[in-house]
Amino acid sequence: MQQQLANIVSEASSAAPAIKTRPEFEVFKAGLVGSKGSMTAVMKLMGSIPKEEKPAMGKLINEAKQKLEAIFAETLARIEDAELAAKLGEPIDPSLPSPDDFAGMRHPLSQIREEVCGIFHRLGFTIAEGPELETEWFCFDALNTPANHPARDMQDTLFLPADTKATDAPKKADEAYLLRSHTSSVQIRTMLSRKPPIRIVAPGRCFRRDTVDATHSANFHQIEGLWIDKNVTLKDLKSVLDSFVREVFGNAAETRLRPSFFPFTEPSFEMDIRVPNMGALSNRWLEIMGCGLVDPKVLENVGLDANEWSGLAFGMGIERIAMLVHGIDDIRHFYANDLRFLRQFA
Ligand code: DAH
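Bear in mind the structure is a predicted one, so any value in this text is a computation, not a measurement.

Participant: Lay out the overall build of the protein chain with the relevant residues and their values.
Facilitator: Helices and strands together make up the secondary structure of the protein chain, namely 11 helices and nine strands. Taking 20 Å as the expected radius of gyration for a compact globule of 346 residues, we find that the protein chain reaches 39 Å, considerably beyond that expectation. The C-alpha extent of the protein chain, read off along each of the three principal axes, is 120 × 50 × 40 Å. Out of the 346 residues belonging to the protein chain, those deemed buried represent 40%. Summarising the internal contacts of the protein chain: among those between residues at least 6 apart in sequence, 66% fall at separations of at least 24. For the protein chain, the accessible surface area stands at approximately 19,100 Å², while carbon and sulfur atoms represent 53% of it.

In structure tokens form, the structure reads like this:
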């Protein structure tokens with residue numbers, strides 16, 4: 001009987017590799033453990049053997065059964081793999097990358113922010129930051145923006161409820177918090193926290209009570225620039241901004257400084273660019289940022305002697321630059337999280 005069991009197992013194990021289909025497998029399995037199977041026949045003999053031999057025989061039968069189960073499992077797994085491979089047409093190489101795998105990418109606004117900050121970094125500017133929740137003094141007063149300026153109107157700027165009075169406002173008691181309407185407040189924070197010479201760019205999020213349309217968003221991003229030193233002149237302003245424009249828009253880009261007004265610069269300008277190869281926007285003057293020489297009143301507001309120090313400042317919208325660089329016609333694309341849009345910048 002022991003010999004019989006050994007034969008059953010060894011025959012099963014040599015027959016198994018030839019089994020290729022499920023019906024073949026079922027016949028094979030029934031021939032061993034089905035009601036007329038060879039293994040079943042041996043098990044039936046258990047009834048007729050002497051009592052004292054039963055435990056030893058039972059053990060041998062169990063071992064043989066386990067070996068057969070292992071052969072069945074292995075054979076079935078092989079058949080199932082072959083069925084799946086046949087269904088997929090080709091053998092599977094699980095180490096290949098998925099054809100629609102998308103590794104991810106920087107958002108186009110982050111890309112432009114990094115590019116612009118990188119250009120100014122090479123021109124000697126470091127990165128500065130300020131809070132998005134500002135006080136009126138940092139956002140307006142210190143920037144020489146008078147109480148009756150329209151930006152200070154509740155209708156134009158997002159103020160926090162009147163009972164959230166700023167506790168860290170160093171200059172004015174009892175002033176309100178607001179969501180900063182521009183990054184120019186970082187100019188003030190930087191000049192108060194370190195001594196000149198100063199050369200910083202400050203990227204960050206800004207907020208305005210704008211009605212959202214193709215060119216306006218209540219939430220947008222700016223990059224502010226500030227350079228405070230002795231004898232900073234308009235020539236410095238023009239050369240710094242010209243280098244920046246050429247790096248972003250190419251050497252063929254022309255620039256012009258168009259007189260304008262900002263309370264914190266004197267004189268003030270809008271910088272326009274004209275680029276020959278920019279699709280529908282080619283060869284047209286396009287406004288890209290505000291800039292100017294720092295108004296002496298601003299220097300005085302932060303305790304700098306305007307006879308000793310001078311400065312230049314500029315501020316640009318990151319969305320605006322990204323729209324020009326990529327020919328995007330609607331600012332809302334940046335915030336819609338539509339991968340069909342975003343993947344174009346991967
Ligand atoms: N803060 C201005 C705005 O949001 C932009 C600006 C203009 C910033 C002139 C400057 C500047 O630093 O000198 O419209």
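Participant: Let's hear about the nonpolar core: which residues, and what values?
Facilitator: Formed by 43 residues in total, the largest nonpolar core has its most connected members in Phe 120, Leu 241, Phe 244, Phe 249, Ile 288, Phe 314 and Met 316. Secondary-structure elements contributing two or more residues to this core are α5 (108–122), β5 (219–229), α8 (234–249), β7 (265–274), β8 (286–294), β9 (310–317), α10 (318–326) and α11 (339–342). Other than its neighbours up to four places away in sequence, Ile 288 contacts Phe 244, Val 245, Met 271, Asp 272, Ile 273, Met 316, Arg 320, Ile 321 and Leu 324. In this structure, Phe 138, Val 302, Leu 304 and Ala 313 belong to the second largest nonpolar core, which totals 21 residues.

Participant: Outline the sheet that holds β7, listing residues and values.
Facilitator: Ordered in space as β1-β4-β5-β9-β8-β7-β6, the seven strands form an open sheet in which the pairing is mixed. In this open sheet, the two edge strands, each paired with only one partner strand, are β1 (126–127) and β6 (254–262). Direction of pairing for β1 relative to strand β4 (residues 198–207): parallel, over a ladder of two bridges. Looking at β4, one finds that Ile 127 is bridged to Val 201.

Participant: Could you give me a rundown of the site of the ligand, with the residues and numbers involved?
Facilitator: Neighbouring the ligand are 15 residues, the closest being His 182, Ser 184, Arg 208, Gln 222 and Glu 224. At 2.9 Å, a side-chain N or O of Ser 184 approaches a nitrogen atom of the ligand. Notes on the ligand: free accessible area 350 Å², of which the protein chains cover 89%. Elements supplying a minimum of two residues to the shell around the ligand: β5, β8 and β9. Looking at the shell around the ligand residue by residue, the classes come out as five nonpolar, eight polar and two charged.

Participant: Outline the pairing of β5, supporting the account with residue identities and numerical values.
Facilitator: Counted residue by residue, β5 has nine buried out of 11 residues, so it is predominantly covered. The pairing of β5 with β9 spans eight bridges and is classified as antiparallel. Paired with Ile 223 across the two strands is Met 316, which belongs to β9.

Participant: Which residues make up the packing of helix α2 (residues 22–33) against helix α4 (residues 54–88), and what are the values?
Facilitator: How two helices sit against one another is set out by the angle between their axes and by the gap between those axes. Close contact between α2 and α4 brings their axes to 11 Å; oriented N to C, the two are set at 175 degrees. The angle between the axes of α2 and α4 places the two elements in the roughly antiparallel class. Between α2, through Arg 22, Phe 25, Phe 28, Lys 29, Leu 32 and Val 33, and α4, the contact on the second element is made entirely by Leu 68, Ile 71, Phe 72, Thr 75, Leu 76, Ile 79, Glu 80 and Glu 83. When the residues that make up the contact of α2 with α4 are grouped by side-chain class, the tally is nine nonpolar, one polar and four charged.

Cut-offs and rules
Note on numbering: residues in each chain are counted from 1, in written sequence order. Since the coordinates come from a predicted model, pLDDT governs what is reported: local features require at least 70, and pairs of side-chain atoms require 80 or more to be given and counted, while whole-chain, interface and lining totals use all residues. Hydrogens and water molecules were not included; the side-chain quantities draw on all heavy atoms of the structure. Secondary structure elements are taken from DSSP: a helix is a run of H or I of four residues or more, a strand is a run of E of two residues or more, and numbering for both begins at the N terminus. For this measure, only C-alpha atoms enter the radius of gyration; the expected value for a globule follows 2.2 Å times N^0.38, where N is the number of residues. With a 1.4 Å probe rolled over the protein chains alone, any residue whose accessible area is under 20% of its type maximum counts as buried; one over 50% counts as exposed, and the rest are partly exposed. Throughout, a contact is declared for two residues whenever any of their heavy atoms are within 4.5 Å. Computed by Shrake-Rupley with a 1.4 Å probe, the accessible areas treat only the displayed protein chains as cover when residues are assessed. Among the buried residues, those of types Ala, Val, Leu, Ile, Met, Phe, Trp, Tyr and Cys that are joined through side-chain atoms within 4.5 Å form a nonpolar core. Any two strands are treated as partners once DSSP identifies two or more bridges connecting them. Proximity criterion: a residue is near a molecule or strand once any of its heavy atoms comes within 4 Å of it. The definition of a polar contact used here is a pair of N or O atoms within 3.5 Å, where within protein one atom must be able to donate a hydrogen and the other to accept one, and adjacent residues in sequence count solely through side-chain atom pairs. Under the convention adopted here, Pro, Cys and the residues Ala, Val, Leu, Ile, Met, Phe, Trp and Tyr are nonpolar, Asp, Glu, Lys and Arg are charged, and Gly plus all remaining residues are polar. Throughout, an axis means a line fitted to C-alpha atoms (over the contacting stretch in the case of helices), and angles, computed between N-to-C directions, take values from 0 to 180 degrees. Roughly parallel refers to an angle under 35 degrees, roughly antiparallel to one over 145, roughly perpendicular to one between 65 and 115, and oblique to any angle outside these ranges.

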